[in-house]
Amino acid sequence: MSTPRSSRAGRTPRESRVEMVELVLPNDANTLGNVLGGRVLHWIDLAAAIVAHRHCRQETVTVSLDQMSFLAPIRVGQLALIAARLTYTGRTSMEIRVDVTCEDLLSGRRQPTSTANLTFVAIDKKGRPAPVPPLILETEEDRREARAAESRREARLRARPEPAPKRESKQR
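A. Spatial organisation of the overall build of the chain. A tally of regular secondary structure across the chain gives three helices and five strands. Mapped from its N terminus to its C terminus, the chain presents α and β elements in the order α-β-α-β-β-β-β-α. Principal-axis analysis of the C-alpha atoms gives the chain an extent of 65 × 55 × 30 Å. By residue count, 40% of the 172 residues in the chain fall in the buried class. Just so you have it, the chain exposes about 10,800 Å², and 51% of that area is on carbon and sulfur atoms. Distance from the positive charge centre (29 side chains) to the negative charge centre (21 side chains) of the chain: 6 Å.

As structure tokens, this is what we get:
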């Protein structure tokens, strides 16, 4: 049986933060020498999954990814810097922000390339949503991010399609 949310110790965004570095190699790139968008999405999902798992210390699944834009290419031979942090927790869900930056190894120049907000849900051993620990907000930036995340969550819930009505089966 899952422990009620109120009795679980909360954690700060700092405790679950993830920073990853990937060297972009030819097998990561398209014919133009730019990293494949799917590869970037994979890195984003992986970083966010680690954050979610660190926060709740149980299995989690990706539920959604907000709009994704590729602002600049990451070229073969450059580094992809992936930084992920928890911005919001609900009863069973968590929002994680992931920022991707490229770094040129020769000049050291860095450029933001993409940002995504992912929603994860904790699941119990039976595959059902499970409560997650609360998010402890330490800084003004943490509080600002949490307010923005809560607004995004409300917008996602409003945009969710209505479930299809159940169809009656015909008896023969």
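Still to come is the rest of the account.
B. Structural view of the nonpolar core. Counting 30 residues, the largest nonpolar core has Val-40, Ile-44, Ile-74, Ile-82, Met-94, Ile-96 and Val-98 as its most contacted members. Elements with a contribution of two residues or more to this core: strand S1 (18-23), helix H2 (37-56), strand S3 (79-89), strand S4 (93-103) and strand S5 (110-122). For this core, the leading source of residues is H2, giving eight residues. If sequence neighbours within four positions are ignored, Ile-82 has contacts with Val-18, Glu-19, Met-20, Glu-22, Trp-43, Ala-47, Val-98, Asp-99 and Val-100.

C. Inspection of the environment of Leu-86 at higher detail. Mapped onto the elements of the fold, Leu-86 is located in strand S3. A residue is classified by how much of its surface remains accessible, and Leu-86, at 3% relative accessible area, is buried. Here the alpha-carbon distance between Leu-86 and Pro-134, two residues 48 residues apart in the chain, equals 11 Å. Those residues in contact with Leu-86 that lie beyond four places of it in its chain are Pro-13, Ser-16, Val-51, His-55, Met-94, Glu-95, Ile-96 and Leu-135.

D. Structural context of helix H3 (residues 140-159). An ideal rise of 1.5 Å per residue puts 28 Å on 20 residues; H3 measures up with 29 Å between its terminal C-alpha atoms. Its buried side turned inward, H3 meets helix H1 (13-16), S3 and S4.

E. Inspection of unusual backbone geometry at higher detail. The phi dihedral of Arg-57 is positive, around 55 degrees, even though this residue is not glycine. For Arg-57, a relative accessible area of 57% puts it in the exposed group.

F. Seen up close, the sheet that holds S4. The five strands are arranged S1-S3-S4-S5-S2 in an open sheet whose pairing can be described as antiparallel. In this open sheet, the two edge strands, each paired with only one partner strand, are S1 and strand S2 (60-65). This sheet shows a mean twist of 30 degrees between the axes of neighbouring strands, independent of strand direction. Examined bridge by bridge, S3 and S4 share 10 bridges and lie antiparallel to one another. Along S4, the bridge assignment pairs Ala-84 with Val-98. Sitting on the sheet, H2 is in contact with S1, S2, S3, S4 and S5, with an inclination near 50 degrees to S5. The strands that H3 touches are S2, S3, S4 and S5; relative to S3, the one it contacts most, it runs at about 80 degrees.

G. The pairing of S3, seen in detail. Summarising burial for S3: 11 of the 11 residues are buried, a large majority. Summarising the sheet, S1 and S3 pair through six bridges and their orientation is antiparallel. Paired with Val-18 across the bridge in S3 is Ala-84. Counted between consecutive antiparallel strands, the loop separating S3 from S4 contains three residues.

Analysis parameters
- Residues numbered from 1 in each chain as written.
- Predicted model: local features only at pLDDT ≥ 70, side-chain atom pairs only at ≥ 80, totals over all residues.
- Heavy atoms only, no water.
- Helix = DSSP H or I, 4+ residues; strand = E, 2+ residues; numbered from the N terminus.
- Buried < 20%, exposed > 50% of the residue type's maximum accessible area, 1.4 Å probe, protein only.
- Areas by Shrake-Rupley, 256 points an atom, 1.4 Å probe, with all protein chains shown as cover.
- Lys, Arg positive; Asp, Glu negative; His and termini not counted.
- Charge placed at Lys NZ, Arg CZ, Asp CG, Glu CD.
- Core = buried A, V, L, I, M, F, W, Y, C linked by side-chain atoms within 4.5 Å.
- Contact = heavy atoms within 4.5 Å.
- Expected span 1.5 Å × (residues − 1).
- Pairing = 2+ DSSP bridges.
- Axes fitted to C-alpha atoms, helices over the stretch in contact; angles between N-to-C directions.

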